[in-house]
Amino acid sequence: MTTPPEITFSETDLDAIATAPGRIAVLIGAEGKLDAVGRRVNKLTRGALARFADSEGFEKMKSGEIRSLAFPSGLAAEAVDLIRLDRRASVDDARKAGAALAKAQGKADVLIAAGTLLNAADLAFGFALRAYEFDLYKTKDKPARGAVRVMASKPEDLAAASAAYAALAEGIFFTRDLVNEPANVLTTDDFAARLAAMQELGLEVEILEEADLEKLGMRMLLSVGQGSASPSKVVVMQWNGGEKGAAPLALVGKGVVFDTGGISIKPAAGMEDMTMDMGGAGVVAGVMRTLALRKAKANVVGLVGLVENMPSGTATRPGDVVKSMRGVTVEIINTDAEGRLVLGDVLWYAQERFKPSGMINLATLTGAIVIGLGHENAGVFSNDDAICDSFLSAAKAEGEGAWRMPMSPAYDKLIESRIADIKNTGGRPAGSITAAMFLKRFVKDETPWIHLDIAGVAHVKSDITLAPKGATGWGVMALNRLIADKFEG
Ligand code: BES
Ligand code: MN
Ligand code: ZN
């Protein structure tokens, strides 16, 4: 598993500046104000920082941005990274600055002079998230990253605040690893084994095998995996850190370890991206890991449907009719609309077994949400304004884009079937909404529910602020905060 970098904290030591190896990061506050370390670096470099702080270049910098001064005379360091960041900078800007430093780091040692920065823990957290690298399958050139040290006025407080972030960073790295893994490695068996290994952290983990799912009547989920050599599974992860017997929050994830489209096969171009079609399950796993690591005082159950969507002689055909666990019959028009089939059965099972006080599902469900919202926002669908608003605030506070989309019975006619109760596609118009309306058939009216369509945000083709290209871990921070704010006593 990829682990977050270790960051150490110590008192500001002005005498360490001249001889520090690697890179030194210095904050420049509002109006170009230098702190004690800044003044020392300025003196050693014969006024270089003061000249920079006076320049147009500095004026044009946004909060949280960095500029680097290479091979400065007067210092042993190979570079000084100048960060525009006031000591009262926002959480977002502090994280952004930390991320910029991680990106600039390369393999060098880094000494970050945080001084009296209020959100210094967020700077370190941003650094950790952006330092993620998935290089498991690179066989050459993998020197380790250098040491990362932060000097600050209250290093003990900062270390304590950072420890609370460590659980979150580890959960996010876990999600990213799962999403980045190729499908020949992360099979349904392998995925389930990685989740079972979390029992060591105090999670209760159960694996429902095909025979169990058959008994429960999850024919809709099973129809997706029946063309694959990998067995379908549902994994149930329970974290009971809250009041004994209190109804849990249920998190449900789509875990299609590879989506070829099945008999309604996808075009070759870009099909390799469908290794990330288990992104929803990856987020559920990352959140459960974080909750266990930080011993959250809440009852949360995570359920993931793990299947592989393959074409073969045993695969589901377009036109097949299957019966869901709920009893609703479904005509499968397009075997590539498989995520809703998996989720429908797991959502129903989650409610029947756990009577959750709330339920949130995550899925890389539709290409249409990528057309609608791009890679900036996940689509948010809900039957309950209160839980939805709480989620949207949590996502906003964590800088994770989320945008509510409409639902209404008017869309139901698009998924009426001629021969069964419903069909699994509604054509091109409102593709993400008809998918949400399909899921809603498996949600009880009394269950406050959110569906997050993360097809555009789970995985990106170019670097974002807090992650290199590839898996982002979108949603782990927002859900962890929602749980901390609304589900912990
Ligand atoms: N996994 C895909 C959705 C997807 C597309 C995720 C692009 C990430 C990027 C999903 O199973 C799918 O194939 N959806 C179809 C539904 C259609 C057949 C109704 C789609 O969006 O084209
Ligand atoms: Mn599909
Ligand atoms: Zn899919």
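Residues numbered from 1 in each chain as written. Chains lettered and ligands numbered in written order. Predicted model: local features only at pLDDT ≥ 70, side-chain atom pairs only at ≥ 80, totals over all residues. Heavy atoms only, no water.

### Quick word on the site of ligand 1
The condition is simple: By convention in this text, a residue qualifies as near a molecule or strand provided that one of its non-hydrogen atoms is within 4 Å of it. Definition of a polar contact: a pair of N or O atoms within 3.5 Å, with one able to donate and the other able to accept a hydrogen when the atoms are protein atoms, and with sequence-neighbouring residues admitted only if both atoms are side-chain atoms. For accessible areas, the Shrake-Rupley method is used with a probe of radius 1.4 Å. Any residue's cover is judged against the shown protein chains and nothing else. Residue polarity follows a fixed list, in which Ala, Val, Leu, Ile, Met, Phe, Trp, Tyr, Cys and Pro are nonpolar, Asp, Glu, Lys and Arg are charged, and the others, Gly among them, are polar.
Close to ligand 1 lie 16 residues; Lys266, Asp277, Asp336, Glu338 and Gly367 are nearest. Within the side chain of Lys266, an N or O atom sits 2.8 Å from an oxygen atom of ligand 1. Between a nitrogen atom of ligand 1 and a main-chain N or O atom of Thr364, the distance comes to 3.4 Å. Coverage of ligand 1 by the protein chains reaches 77% of its 520 Å² of free accessible surface. Grouping the constituent residues of the shell around ligand 1 by class yields four nonpolar, five polar and seven charged.

### A closer look at the domain arrangement of the protein
This is how the line gets drawn: Each domain's extent is set by a domain assignment, obtained either automatically or from a database. The contact definition used throughout considers only heavy atoms, calling two residues in contact when any of these lie within 4.5 Å. Once two parts are brought into contact, the accessible area they lose, counted with a 1.4 Å probe and summed over both, makes up the buried area.
Looking at the assigned domains, one finds that the protein contains domain 1 (7-153) and domain 2 (169-487). The centre of domain 1, based on its C-alpha atoms, is set 39 Å off from the matching centre of domain 2. Across the contact, 14 residues belong to domain 1 and 18 residues belong to domain 2. Taken over both partners, the interface formed by domain 1 and domain 2 buries close to 1400 Å², and the fraction arising from carbon and sulfur atoms is 63%. Looking at the side of domain 1 facing domain 2, the largest losses of area belong to Leu129, Arg130 and Tyr132, adding up to 46% of the total buried there.

### Some remarks on the side chain of Glu488
For clarity, the threshold we go by: The way it works is that DSSP assigns letters per residue, a run of H or I at least four long becomes a helix, a run of E at least two long becomes a strand, and they are numbered from the N terminus.
Tracing the sequence through the fold places Glu488 in the segment after helix H15 (476-487). There is a polar contact of 2.8 Å between the side chain of Glu488 and the backbone nitrogen of Lys297. Other than its neighbours up to four places away in sequence, Glu488 contacts Arg294, Ala296, Lys297, Ala298 and Ile483.

### Structural notes on the packing of helix H6 (residues 155-180) against H15
Quick reminder of the rule: For helices, the fitted axis covers only the stretch in contact; all axes are lines through C-alpha atoms, and the angles between them, taken along N-to-C directions, range from 0 to 180 degrees. Oblique is the label for every angle not falling under 35 degrees (roughly parallel), over 145 degrees (roughly antiparallel), or within 65 to 115 degrees (roughly perpendicular). Crossings are classed by handedness, with left-handed meaning an anticlockwise turn of the near helix from the far one by less than a right angle and right-handed meaning a clockwise turn.
At a minimum axis separation of 10 Å, H6 and H15 run at an interaxial angle of 135°. As summarised for this structure, H6 and H15 are arranged oblique, according to the angle between their axes. Helix-helix and strand crossings are classified by hand; for H6 and H15 the assignment is right-handed. Taking contact as the criterion, the partners of Leu168, Gly171, Ile172 and Thr175 in H6 are, on H15, Val476, Met477 and Asn480. Grouping the amino acids of the contact of H6 with H15 by side-chain chemistry returns four nonpolar, three polar and no charged.

### What to know about the coordination of the manganese ion (ligand 2)
Applied cut-off: Distances decide who is a donor: an N, O or S atom must be within 2.8 Å of the metal, or within 3.2 Å for Na, K and Ca. Water is not included, so sites may look incomplete. Every angle between 85 and 135 degrees makes a four-donor site tetrahedral, while opposite donors more than 155 degrees apart, with all other angles between 65 and 115, make a four-donor site square planar and a six-donor site octahedral; other sites are irregular. Throughout, exposure labels follow a simple rule: accessible area from a 1.4 Å probe, protein chains only, divided by the maximum for the residue type, with under 20% read as buried, over 50% as exposed, and the rest as partly exposed.
The coordination sphere of the manganese ion (ligand 2), as far as protein atoms go, consists of Asp259 (OD), Asp336 (O), Asp336 (OD) and Glu338 (OE), spread over 2.1 to 2.2 Å. Here the manganese ion (ligand 2) is ringed by six donor atoms whose angles at the metal span 71 to 167°, and the overall shape comes out irregular. Of note, the manganese ion (ligand 2) draws all its donor residues from one chain, in the sequence arrangement D-x76-D-x1-E. In this structure the zinc ion (ligand 3) is found 3.2 Å away from the manganese ion (ligand 2), and Asp259 serves as a bridging donor for the pair. One end of the pair, Asp259, is in strand S9 (residues 249-259); the other, Asp336, is in the loop between strand S12 (329-331) and helix H11 (339-354), and 77 residues separate them in sequence. With relative accessibility at 3%, the residue Asp259 sits in the buried group.

### Looking at helix H5 (residues 120-130)
Here H5 lies mainly inside the structure; 11 of its 11 residues are buried. Restricting attention to buried positions, one finds in H5 the residues Ala120, Ala121, Asp122, Leu123, Ala124, Phe125, Gly126, Phe127, Ala128, Leu129 and Arg130. Elements that come into contact with the buried residues of H5 comprise strand S1 (7-10), helix H4 (91-105), strand S5 (110-115), strand S6 (148-152), H6 and H15.

### Points about the nonpolar core
This is how it is decided: Take the buried Ala, Val, Leu, Ile, Met, Phe, Trp, Tyr and Cys residues and link them wherever side-chain atoms come within 4.5 Å; each set so joined is a nonpolar core.
By size, the foremost hydrophobic cluster in this structure holds 90 residues, and its most contacted members are Met288 and Phe391. The element that contributes the greatest number of residues to this core is H6, accounting for nine residues. Apart from the residues lying within four places of it in its own chain, the contact partners of Phe391 are Val380, Ala402, Ile450, Leu452, Trp474, Ala478, Leu479 and Leu482. By size, the runner-up hydrophobic cluster in this structure holds 48 residues, among which are Val301, Val307, Ile332 and Trp449.

### What to know about the coordination of the zinc ion (ligand 3)
Tetrahedral metal sites with four donors have an ideal angle of 109.5 degrees; octahedral sites with six donors have ideal angles of 90 or 180 degrees. The coordination sphere of the zinc ion (ligand 3), as far as protein atoms go, consists of Lys254 (NZ), Asp259 (OD), Asp277 (OD) and Glu338 (OE), spread over 2.0 to 2.4 Å. Taken together, the six donor atoms coordinating the zinc ion (ligand 3) span angles of 77 to 173° at the metal, a pattern that classifies the geometry as octahedral.

### Comments concerning the sheet that holds strand S13 (residues 358-363)
Here is the rule we go by: By definition, two strands form a pair when at least two bridges between them are found by DSSP.
The eight strands lie next to each other as S7-S8-S10-S9-S13-S17-S14-S15, forming an open sheet whose pairing is mixed. Sheet topology places strand S7 (204-208) and strand S15 (402-404) at the edges, where each strand pairs with a single neighbour. Within the sheet, the average angular offset between the axes of one strand and its neighbour, ignoring direction, is 20°. Of the pairings in the sheet, the one linking S7 to strand S8 (residues 233-240) comprises five bridges and is antiparallel in character. Of the residues in S8, the one forming a bridge with Glu204 is Gln238. Packing against the sheet, helix H10 (residues 279-293) makes contact with S8, S9, strand S10 (299-309) and S13, and its axis sits at approximately 135° to S9. Helix-sheet contacts for H11 involve S7, S8, S9, S10, S13 and strand S17 (449-453), and the interaxial angle to S10 is about 150°.

### Description of the packing of helix H13 (residues 385-397) against H15
Contact geometry for H13 and H15: axes closest at 8 Å, N-to-C directions at 125°. Classified by the angle their axes make, H13 and H15 are oblique. As for how H13 packs across H15, the hand of that crossing is right-handed. Packed against H13, whose contacting residues are Ile387, Ser390, Phe391, Ala394, Ala395 and Ala397, the element H15 presents Ala478, Leu479, Arg481, Leu482, Lys486 and Phe487 at the interface. Partitioned by chemical class, the residues of the contact of H13 with H15 number nine nonpolar, one polar and two charged.

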